Amino acid sequence: MDGDDGIAAECMGLRIPHSPFLTETRIRRLEEGRYEGQEIQGALALVQPGDRVLDLGAGLGVVGAMTALHAKPDAVLSYEANPDLVPAIESLHRLNGLADRIELRNAVLWAGPDRPETVTFYRHGSFLGSSLTPSTPERARPVTVATDPFEAVRTAFRPTILIADIEGAEAALLEHADLSGIRAVVIEFHPKVYGRAGMRRCKAILERAGFVKREDVSTREVWAAERLRETDQPPRPEGGWSTALRTVAPARVYPPTARTFTTPAGVRDGTGAGVPEAALWRNRRRLTTPPPTVAPDETLAGRWLWGGVFMRTFSHFVAETPARLWALEHLDEAALDGVLFIDRRGRADPLGAFHAEFFRLMGLHLPVRLAAGPTEVERLIVPGQGFGLGAITAGTPAFRAAMRARFARDVAPEGPERLYISRSGLGPGRGGLIGEAELEARLAAEGYEIFHPERHDLTTQAARYKAARQVVAAEGSALHLFAFLARPDQQVAVIVRRRSGATDRIAEHVAAFAGRPPLLIETLARVWRHRESDRKRLDLGELDLPATGDALRAAGFVSEPGPWPALDPAAIPERVQATHRPR
């Protein structure tokens, strides 16, 4: 678009004036809605009338102007470090009647200690961005601009929205800035500046501050994220609702009615309002969403402890079902009538043998009940989720203290000081290690008991785990049980069998309870995928035995000198090749 009015392009009603920075490509992208399109979508999805927007790295000013034009915030404060861009931004504001609604500052907003009065940035030709260090020195031109202190600006301007596209400086900003009062952010990450690890760090800072990305308007490198109410955020090991005890009287308990990953289930109070503290979270996802407000089929008199969601499989039972039992250390059990759970699949079948044994090992003598349908409970004590899968894998201090005080308290140590926790008895259909038989033979020669936990009751497992001083384990769910009993004086090595985030969760669980991290030995020659499923828990890791032996030897787990022999690829069993193939 061109004409006497000086307009070079128009996008969603925003008129963009001519400037030296508008190349034909940028004009086309503007008219097609692709220039800063992700940031614009995020801003328009999150900003509301009454908001106050802090816009860092204005560039051409399009994102801030589009936000002011369509979302109608009370005020926009824009920062742009490149002085060459300021006339173009001011022209944009005048042309669209936004000059009285957007304040523009040619400065850098500085968060953190030792703020300098000025800072030198580098401009790269006609490139709109700038950086602290030039990536192409031959094209970079330095410019020195003033700095404003972030905290002073936050206090004076009182932003509720942060928009940031600052060419990698967001990493330092997020490390040091106090985001109090900011309810939503739209931020572009720059992994080319600080790597993928730096990007993960930036995202983790936002998540710890309570921000949850909007999946519909976010990408890997551009997040539009909102800060939710504390009880609408995942449980945190350092505190918050995960450490609270709430009494609901009366309470209405609703088991799941569908076999879906996320399902309506949980607790409502007597007025019908939801009780978010009763929800089950896994990683950053709430698995039990607010249940329907239907009339209860059954009534339950007395004072009951909310146990949460009951998992039947061993892995998820151990890793999630005990999450609220920390409350037993803070309540008078004699004043309770029992512990009430809802089954993950909505069943009310009797407990299995290992479920009942686990509760006995917890010192729980109260009745354990599964709600068969919507049930009104006279009085329900709802503890926060103090453990589970995700950041909460570390457990709250109250949960860890309760497990140390109660779990397997009366079980005496029994067994050797060297223990290998094996998966070889589970078969390839459950995921495992190719070469585990050879590994076991080597460890047995070093005095390790080859222990198959699935062949023993929980009491025997607890006795073995208490007795061992050195533990080598094939990575798997047995380590969740071991972690409850782990001690700082135990030396633990985990043989990684897959490339999955679940490995990190197991390591975090062991580290939090033992007080020291386990040694993760990732010496896989290759990973084999199940032919009928891409689930990583079904993967088989093919061991590089020489590298595994070297790692164990270096850490003092084995003493046999010399390298272990490599696996013969031709000797991989046909039963493995029938079910799996290399990834």
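Refer to the structure presented above.
Since the structure is predicted, the reported quantities are computational estimates derived from the model, not experimental observations.

(A) Quick look at the pattern of salt bridges. Within this structure, the stated rule accounts for 32 salt bridges. A salt bridge links R105 to E103; the shortest N-O distance between them is 2.8 Å. By relative accessible area, which is 27% here, R105 ends up partly exposed. Between R246 and E277 there is a salt bridge, with the nearest N and O atoms lying 2.9 Å from each other. Residue R246 is located in strand β14 (residues 245-248), and its partner E277 is located in the loop between β17 (266-269) and β18 (281-282); the two are separated by 31 residues in the primary sequence. If you follow the salt bridges from partner to partner, you end up with E103, R105 and D148 in one network.

(B) Structural view of the packing of aromatic side chains. In total, this model carries 20 aromatic pairs according to the counting rule given. Judged by centre distance (6.0 Å) and plane angle (80°), the rings of F451 and Y465 are edge-to-face. Highlighted residues: F451 in strand β27 (residues 449-451) and Y465 in helix α12 (residues 458-467), separated in sequence by 14 residues. When sorted by exposure, F451 lands in the same class as Y465, which is buried.

(C) Representation of the packing of helix α13 (residues 478-485) against helix α14 (residues 501-514). Look at α13 against α14: their axes get within 8 Å of each other, and the N-to-C directions meet at 10°. Relative to α14, α13 is oriented roughly parallel. Crossing angle aside, the handedness with which α13 passes α14 is left-handed. Facing α13, whose interface residues are L479, H480, F482, A483 and F484, α14 presents I506, H509, V510 and F513. Of the residues assigned to the contact of α13 with α14, the class counts are seven nonpolar, two polar and no charged.

(D) The nonpolar core, seen in detail. Counting 72 residues, the largest nonpolar core has V253, F358, L380, F407, Y465 and F484 as its most contacted members. Here the element with the most residues in this core is α13; it accounts for seven residues. Residues contacting F358, with those up to four places away along its chain left out, are F317, P322, M403, F407, L458, L481 and F484. Membership of the second largest hydrophobic core comes to 38 residues, among which are L14, A43, L46 and V217.

(E) Up close: helix α7 (residues 191-208). With 18 residues, α7 should cover 26 Å at 1.5 Å per step; its first-to-last C-alpha distance of 20 Å lies more than 12% under that length. Approximately 75° is the largest bend angle found in α7, and it occurs at A197. Each element contacted by the buried residues of α7 is listed here: α6 (170-176), β11 (184-188), β12 (211-213) and β13 (222-227).

(F) Expanded view of the sheet that holds strand β4 (residues 75-79). Read across the sheet, seven strands follow the order β5-β4-β3-β10-β11-β13-β12 without closing on themselves; strand pairing throughout is mixed. Only two strands of the sheet have a single neighbouring strand rather than two, namely β5 (102-105) and β12. For this sheet the average axis-to-axis angle between neighbouring strands, irrespective of direction, equals 20°. Direction of pairing for strand β10 (residues 161-164) relative to β11: parallel, over a ladder of four bridges.

(G) Inspection of the environment of D410 at higher detail. Positionally, D410 belongs in the loop between α10 (397-406) and β25 (418-421). Here D410 falls in the exposed class, since its relative accessible area comes to 72%. In this structure, the C-alpha to C-alpha distance between D410 and T459, residues 49 residues apart in sequence, is 9.7 Å.

(H) Region of the structure containing the sheet that holds strand β31 (residues 524-530). The strand order across the open sheet built from four strands is β26-β32-β31-β33, with neighbouring strands paired in mixed fashion. On the outer flanks of this sheet lie β26 (432-434) and β33 (580-582), each paired with one strand and no other. Sheet twist, expressed as the mean angle between neighbouring strand axes with direction ignored, is 35°. For β31 and β33, the ladder comprises three bridges, and the chain directions are antiparallel. Counted as the bridge partner of R529 is R581 from β33.

Each value, and the rule that gives it
- Residues numbered from 1 in each chain as written.
- Predicted model: local features only at pLDDT ≥ 70, side-chain atom pairs only at ≥ 80, totals over all residues.
- Heavy atoms only, no water.
- Salt bridge = Lys/Arg side-chain N within 4 Å of Asp/Glu carboxyl O.
- Buried < 20%, exposed > 50% of the residue type's maximum accessible area, 1.4 Å probe, protein only.
- Helix = DSSP H or I, 4+ residues; strand = E, 2+ residues; numbered from the N terminus.
- Phe/Tyr/Trp six-rings, centres within 6.5 Å; stacked < 30°, edge-to-face > 60°.
- Axes fitted to C-alpha atoms, helices over the stretch in contact; angles between N-to-C directions.
- Parallel < 35°, antiparallel > 145°, perpendicular 65-115°, else oblique.
- Left-handed = near helix turned anticlockwise from the far one by under 90°.
- Contact = heavy atoms within 4.5 Å.
- Nonpolar A, V, L, I, M, F, W, Y, C, P; charged D, E, K, R; others polar.
- Core = buried A, V, L, I, M, F, W, Y, C linked by side-chain atoms within 4.5 Å.
- Expected span 1.5 Å × (residues − 1).
- Bend = angle between axes of the 7 residues up to and from the residue.
- Pairing = 2+ DSSP bridges.

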